Amino acid sequence: MAERLNLSRSRLAFALGIICFANFLNYLDRQVVSALESEIRPAFDMTKAEFGTLWSAFTIGYMVFAPLVGYAAVRWRRTLIFAICVLVWSLATIGSGMATSKFALYASRFLIGVGEAGCLVIGPTLVVDLFSEQVRGRALSLFFLGLPLGGTAGYIIGGVITEHFGGWRNAFFMAGAPGLLVAALILFLPEPPRAPAPAGAPAGLAAYKALFKNRTLMLIILAQAFAVMILVPLLHFGISFFEQERGMTKVQATTSLGVTALVAGVLGSVLAGVLGDRLARRTRGAYALLAGCAYLLALPAMLIGFSVQGHAAILTALTIGATCLFLCMPAVNTQIANVVRPEQRAMAYALAVFVLHFLGDMAAPPAFGAIAESIGTGEAFVRFAGVLGLAAGCCFLAVRSAARDVAAAAAERT
């Protein structure tokens, strides 16, 4: 915790800033490819389904290496592992711009996933260990601003660099370069002390198996898996939807989706931190409850956004829906932190990464691409949006078991 480390406010702010900026680059480097569908598909003679598989290649690297990173983070210095992960994904992003074949592009996306596996496994654990439970939701909400801010930057860099600064390959070079500096800065971050595991606690693979018995954790992970089935296709195919079915130019499409993500992400993250921390004073399932309500509200907004034709109506509806989705990310991850012991958090986040990507976005992008080719991207979005109802249901079930699991985690620490 911050008090145990005796960190000054400025050093604590520096640490949080670097961790948050790494997460910003995490989503920027992941997302820039989605702004370049119109350029990459003809350059490599790809179908929509093959373009969707670029996300799957990333996801395979991401979910396979997340449990390994989680295992390593329990035993070795987390900031060192984090720095190596940032370096790997940054070099792979630069490599994407150098790719001359489909295989090379798929390999680069796989390696981006390998590196980024460390960000959402180690990043939240460092934040949680630096900040007290009373402000944990707000601290994590700042960390998860990386998704809307980085995603927006990815779209804008993809659109602007392609249009005005030498083509789509330069967009990857611009996206990957800052990570080389950030990787070096992470090495200077303080390593928060970790609570020792209770006597007799399972280790290795058995520790992962033990997490499956945590009902609240598994319901939250399942809710996230359902949500990414619509969120990832939106991020990956949203630009082409605006261009091909709503008549926007490249810059209009990237700017529209980027600004939507930015506004929704900031609003959603701020609301998650403020409302979640306040509700947590009344119920131990506060963050799951908040996420369930947000998923439920996102459903009709998404259905309207993908059905109407007017640009203003589309962006208004999608901004409301995206605000609800972005609100859920810090909420569900704070709930995860609260229902497991401190030394389990890295492995819990790693398990979440593996399961939600295995069940959610590994298959969703190519499946969405294949369906979109036959019925249209807008209609495919309408059909996929129904999974948000399932996500909400999982969160509401998690509320019922949260008090028991939070109390169990606290009892095991004593």
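It should be emphasised that the depicted structure is a prediction, and the values quoted were computed from it without experimental measurement.

(A) Structural detail: the nonpolar core. I40, F82, I186, L217, Y295 and L388 are the most contacted members of the largest nonpolar core, which has 142 residues in total. In terms of residue count, helix α13 (residues 215–245) provides more of this core than any other element does, 20 residues in total. Setting aside residues up to four positions removed in sequence, L217 forms contacts with L211, I336, V339, V340, A348 and L351.

(B) Here's a closer look at the environment of V332. Structurally, V332 is set in helix α16 (residues 311–339). Sequence separation between V332 and R400 is 68 residues, and the spatial gap between their C-alpha atoms is 15 Å. For V332, the residues in contact, after removing those within four places along its chain, are I220, Q224, A291 and Y295.

(C) A look at the pattern of salt bridges. Evaluation of the coordinates by the stated rule reveals eight salt bridges. Linking E50 and K102 is a salt bridge whose minimum nitrogen-to-oxygen distance equals 3.2 Å. Separated by 52 residues along the polypeptide, E50 in helix α4 (residues 48–75) and K102 in helix α6 (residues 102–116) bring together distant segments of the chain. We classify E50 as partly exposed; its relative accessible area is 26%. Linking R345 and D129 is a salt bridge whose minimum nitrogen-to-oxygen distance equals 3.4 Å. In this pair, R345 sits in helix α17 (residues 345–361) while D129 sits in helix α7 (residues 119–130), placing the two residues 216 residues apart along the sequence. Here R345 falls in the buried class, since its relative accessible area comes to 4%. Judged by relative accessible area, D129 falls into the buried class, the value being 5%. Salt bridges sharing partners connect three or more residues here, namely R78, D129, E191 and R345.

About the thresholds
- Residues numbered from 1 in each chain as written.
- Predicted model: local features only at pLDDT ≥ 70, side-chain atom pairs only at ≥ 80, totals over all residues.
- Heavy atoms only, no water.
- Core = buried A, V, L, I, M, F, W, Y, C linked by side-chain atoms within 4.5 Å.
- Buried < 20%, exposed > 50% of the residue type's maximum accessible area, 1.4 Å probe, protein only.
- Helix = DSSP H or I, 4+ residues; strand = E, 2+ residues; numbered from the N terminus.
- Contact = heavy atoms within 4.5 Å.
- Salt bridge = Lys/Arg side-chain N within 4 Å of Asp/Glu carboxyl O.

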